[in-house]
Amino acid sequence: MTPSTVSTIPLAQRLFPFLKWWPRVDRSTLKADALAGLIGAVVVLPQGVAFATLAGLPPEYGLYCAMVPTVVAALFGSSLHTVAGPTNPVSLMVFAVLSPIAMPMTPHYIQLALTLALMSGIIMLALGLLRFGSLVNFMSSSVVIGFTAALGVFIFASQLGNFLGIVSAPAGFTELVLGAFRRLGDARPWVVLVASATLAIGALSHRVLPRIPPMLTAMVLGSITAFVLNQALGAERTGLRTLGPLPGALPPLSFPDVSAATLQSLLPAAIAVALVSLTQALSIAHAIALKSGQRLDNNQEFIAQGLANVAAAFFSGFPTSASANRCGINYDAGAKTPMSAIFAALLLVLVLFAVAPLVAYLPIAVVAGILFLVAWNLIDFRRVRKILSTSRGESAVLAVTFFATLLLDLEFAIFVGVLVSLVLFLNRTSHPIMRSLVPDPRHTGRKMTEVEDGLLECPQLKILRIEGSIYFGAVGHVQRHLDTLREHSAGQKHLLLMSKSINFVDMAGAELLVEEARRRRAGGGQLYFYSLRKPVEELFERGGYIAELGRENVFRGKREAIGGVFTRLELSICATCRARIFEECASVPGPQKAR
């Protein structure tokens, strides 16, 4: 949304965005939203438990994240179908940044997770209020794909111990993998059986039971398998540990640690979490908006996600974002307004009252199997193959982000990926393409084409098209090319720049062009422009460069430019020239006529 558009929105709607969609709510939308909300409440039950475990928190915290934060995001967002709550990338980030500081599942760890939610929420909220909605554009799709693929691999590593029935301490990727392989002899066969069965059921159930969420099917059937084995063989023999009972269905109030030392130590992680959460939320919201035809306000989405994370900090949650699975299911289920997300949160409370006692029997091996399924789905093999086969630069960004995520601290890996993206972008923009042009004799209307075999250039005039921007980063490259032209084409003292492909010129670029004009004049020629973009021309005017370049050397169109420059060429050279590439050349007797 542009500033002018924002200014026309009533103040009440800017403060309370739900006033925009509330008039749409009627009996038919409420019915559709209630049904979509019920499906969402059922879907989030296994997800919440799995993602909380992945984050190193008690399972109920994942379910609490799908209550108050979901309602807050629905009320303050601009999307009609986005559903906030626990997500796999953000959950893994929580575990990766907090496990080196505190032991997972402990009160201190939980309080740090609350603080991380508060800090990342405030960062998101500030970015939204400052209207930095375009900030996520600096994270390219290659960074996101590489990061999420590495998260998938990291989930595999982090859950290897639970999958094998081996108790392992939190560690980095390499230590987790090596530690699991060193202790393969300690693996519990029945644990591996249940985890593998859960994984297989989740992977195949969509073919047999397409209407039931695969994670829910896997959780139920995997738990039944574990229960039967424990009853038949005994828990001591099988080694199948369970999560234990949930303390309650309603989220209790919580209080993060806001001491200066804690805030300082978590700041880099909070920035990284905010960036990942916003990128995930915006990409999902825009993907669904393309289907629904809705226009989104990025800044309002920042604000909504920020407020949701602040709410999570005070209602027993942890950092949240938009969930790809839940958003897609919400839209496909026929949701009409954000009331569907609100219904999902309220109905989750009712569902929990009914099934909370059963969660006590949920085996950790089943959760590990579900998370293996989540990890596999995080790796977008199709997009990875496409990037690797299409662009070396994007492939480098993907690879660097992938390995940085696995080998560095997770909160810094995302910055490495963004930094590499920016470096490659700056490298591309600092080398604008420069093509020598001539009129194409195969077309009328002075159509220009790139110089190729069989096409002659004017011996006095070089026509050059610069594609890109001439800014401080590109000045060196452009200067070297212009120096080469003067050195190897000394006879072409005049240079005409086709300028409509020059997107932007800064002061350094303008000063370069002024210096080139001086050198051309010193050599008996001149520098000319045609089809200057208005912003570039305005910069020349404001900076006083137009006087040094010569106003008479700036032309509006191609015909005017060639006609104007032709009058300044040396006719004695034209009389002996055999190129004859301009229409104006016909006015000068050629070599044959001179005999």
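Residues numbered from 1 in each chain as written. Predicted model: local features only at pLDDT ≥ 70, side-chain atom pairs only at ≥ 80, totals over all residues. Heavy atoms only, no water.

## Some details on the layout of surface pockets
Working step 1: Approximately 1,400 Å³ is the volume found for the largest pocket.
Working step 2: Lining the largest pocket we find 47 residues, and of these Q280, I284, A324, N325 and N377 sit closest to its centre.
Working step 3: Tallying contributions element by element places helix α14 (residues 260-292) first for the lining of the largest pocket, with seven residues.
Working step 4: Grouping the amino acids of the lining of the largest pocket by side-chain chemistry returns 26 nonpolar, 16 polar and five charged. (1 Å grid on protein atoms, 1.4 Å probe; cavity = no way out; pocket = protein on both sides within 12 Å on 5 of 7 lines; lining within 4 Å. Points joined across faces, edges and corners; volume = space filled by probe spheres on them. Helix = DSSP H or I, 4+ residues; strand = E, 2+ residues; numbered from the N terminus. Nonpolar A, V, L, I, M, F, W, Y, C, P; charged D, E, K, R; others polar.)

## What to know about unusual backbone geometry
Working step 1: Even without being a glycine, S316 presents a positive backbone phi close to 55°.
Working step 2: Secondary-structure assignment places S316 in the loop between α15 (298-314) and β2 (321-322).
Working step 3: Note on S316: relative accessible area 2%, which makes it buried.
Working step 4: Its identity is not glycine, yet S531 carries a phi of approximately 60°, on the positive side.
Working step 5: Within the secondary structure, S531 is located in the loop between β8 (526-530) and α24 (534-542). (Buried < 20%, exposed > 50% of the residue type's maximum accessible area, 1.4 Å probe, protein only.)

## Some points on the packing of aromatic side chains
Working step 1: Tallied over the entire structure, the rule returns 11 aromatic pairs.
Working step 2: On the basis of an interplanar angle of 10° and a centroid distance of 4.3 Å, the ring pair of F163 and F372 is categorised as stacked. Of this pair, F163 sits in helix α9 (residues 141-164) while F372 is found in helix α18 (residues 364-378), placing the two residues 209 residues apart along the sequence.
Working step 3: A relative accessible area of 9% places F163 in the buried class.
Working step 4: Given the relative accessible area of 9%, F372 is considered buried.
Working step 5: Through a chain of ring-to-ring contacts, the aromatic side chains of F16, F18 and F76 assemble into a single cluster. (Phe/Tyr/Trp six-rings, centres within 6.5 Å; stacked < 30°, edge-to-face > 60°.)

## Focus: the nonpolar core
Working step 1: Ranked by internal contacts, the top residues of the largest apolar core, which has 90 residues, are L57, V94, L98, L116, I155, F318 and L352.
Working step 2: Ignoring sequence-local partners within four residues, the contact set of I155 consists of L54, N88, L92, L371, V374, A375 and L378.
Working step 3: Counting 27 residues, the second-largest nonpolar core is a separate cluster that includes V475, L495, L512 and F540. (Core = buried A, V, L, I, M, F, W, Y, C linked by side-chain atoms within 4.5 Å. Contact = heavy atoms within 4.5 Å.)

## Side note on the side chain of S79
Working step 1: With respect to the helices, strands and loops of the structure, S79 is situated in the loop between α6 (68-76) and β1 (84-85).
Working step 2: At a separation of 3.2 Å, a polar atom in the side chain of S79 contacts the main-chain amide nitrogen of H81.
Working step 3: A polar atom in the side chain of S79 sits 2.8 Å from the side chain of T82.
Working step 4: Aside from chain neighbours lying at most four places away, what touches S79 is Q294, L296, E301 and P338. (Polar contact = N/O pair within 3.5 Å; in protein donor to acceptor, adjacent residues only side chain to side chain.)

## Things to note about a nonpolar patch on the surface
Working step 1: A surface patch of nonpolar side chains, about 690 Å² in accessible area, is lined by V220, L221, I224, F227, V228, L358 and Y361.
Working step 2: Counting residues per element, the nonpolar patch draws most heavily on helix α12 (residues 214-233), at five residues.
Working step 3: Mapped onto the fold, V220 is located in helix α12. (Patch = residues over 30% accessible without salt bridge, like charges linked within 9 Å, V, L, I, M, F, W, Y side chains within 5 Å. Areas by Shrake-Rupley, 256 points an atom, 1.4 Å probe, with all protein chains shown as cover. Salt bridge = Lys/Arg side-chain N within 4 Å of Asp/Glu carboxyl O.)

## Some points on the side chain of S78
Working step 1: One can find S78 in the loop between α6 and β1.
Working step 2: Here S78 is in contact with Q294, L296, D297, Q300 and E301, once residues within four sequence places are set aside.

## Section: the environment of N427
Working step 1: Position of N427 among the secondary structure elements: in helix α21 (residues 410-429).
Working step 2: Residue class for N427 comes out partly exposed when judged on its relative accessible area of 43%.
Working step 3: It is 8.8 Å that separates the C-alpha atoms of N427 and A474, two residues lying 47 residues apart in sequence.

## Description of the packing of helix α4 (residues 27-54) against α12
Working step 1: Remark: α4 packs on α12, axes separated minimally by 8 Å, with the N-to-C direction vectors making an angle of 60°. Taken together, α4 and α12 sit at an angle that is classed as oblique. Helix-helix and strand crossings are classified by hand; for α4 and α12 the assignment is left-handed. Along the contact surface, α4 presents V42, L45, P46 and Q47, while α12 presents M215, L216 and M219. (Axes fitted to C-alpha atoms, helices over the stretch in contact; angles between N-to-C directions. Parallel < 35°, antiparallel > 145°, perpendicular 65-115°, else oblique. Left-handed = near helix turned anticlockwise from the far one by under 90°.)

## Some details on the confidence of the model for the protein chain
Working step 1: Overall, the prediction assigns the protein chain a mean pLDDT of 85, with 94% of residues at 70 or greater.
Working step 2: Across the protein chain, element-level confidence peaks in helix α8 (residues 107-129) with a mean pLDDT of 95 and bottoms out in helix α1 (residues 3-8) with 48.
Working step 3: The model gives residues 1-7 a pLDDT under 50, and that stretch makes six contacts with residues more than four places away or in other chains. (pLDDT = per-residue confidence, 0-100.)

## Observations concerning the environment of E511
Working step 1: Tracing the chain through its elements places E511 in helix α23 (residues 507-522).
Working step 2: Overall, E511 belongs to the partly exposed group, its relative accessible area being 45%.
Working step 3: When the C-alpha positions of E511 and V359 are compared, they lie 70 Å apart, and in sequence the two are 152 residues distant.

## So, the pattern of salt bridges
Charged atoms that come close allow side chains of opposite charge to pair.
Working step 1: Considering all chains together, one arrives at 15 salt bridges under this definition.
Working step 2: Residue E450 is joined to R435 by a salt bridge in which the shortest nitrogen-to-oxygen separation is 3.2 Å. Of this pair, E450 sits in strand β4 (residues 448-450) while R435 is found in strand β3 (residues 433-439), placing the two residues 15 residues apart along the sequence.
Working step 3: Residue classification places R435 among the partly exposed positions, given a relative accessible area of 24%.
Working step 4: Note that R520 is salt-bridged to E516, the shortest N-O span being 3.0 Å. One end of the pair, R520, and the other, E516, are both in helix α23, four residues apart, so they sit about a helical turn from each other.

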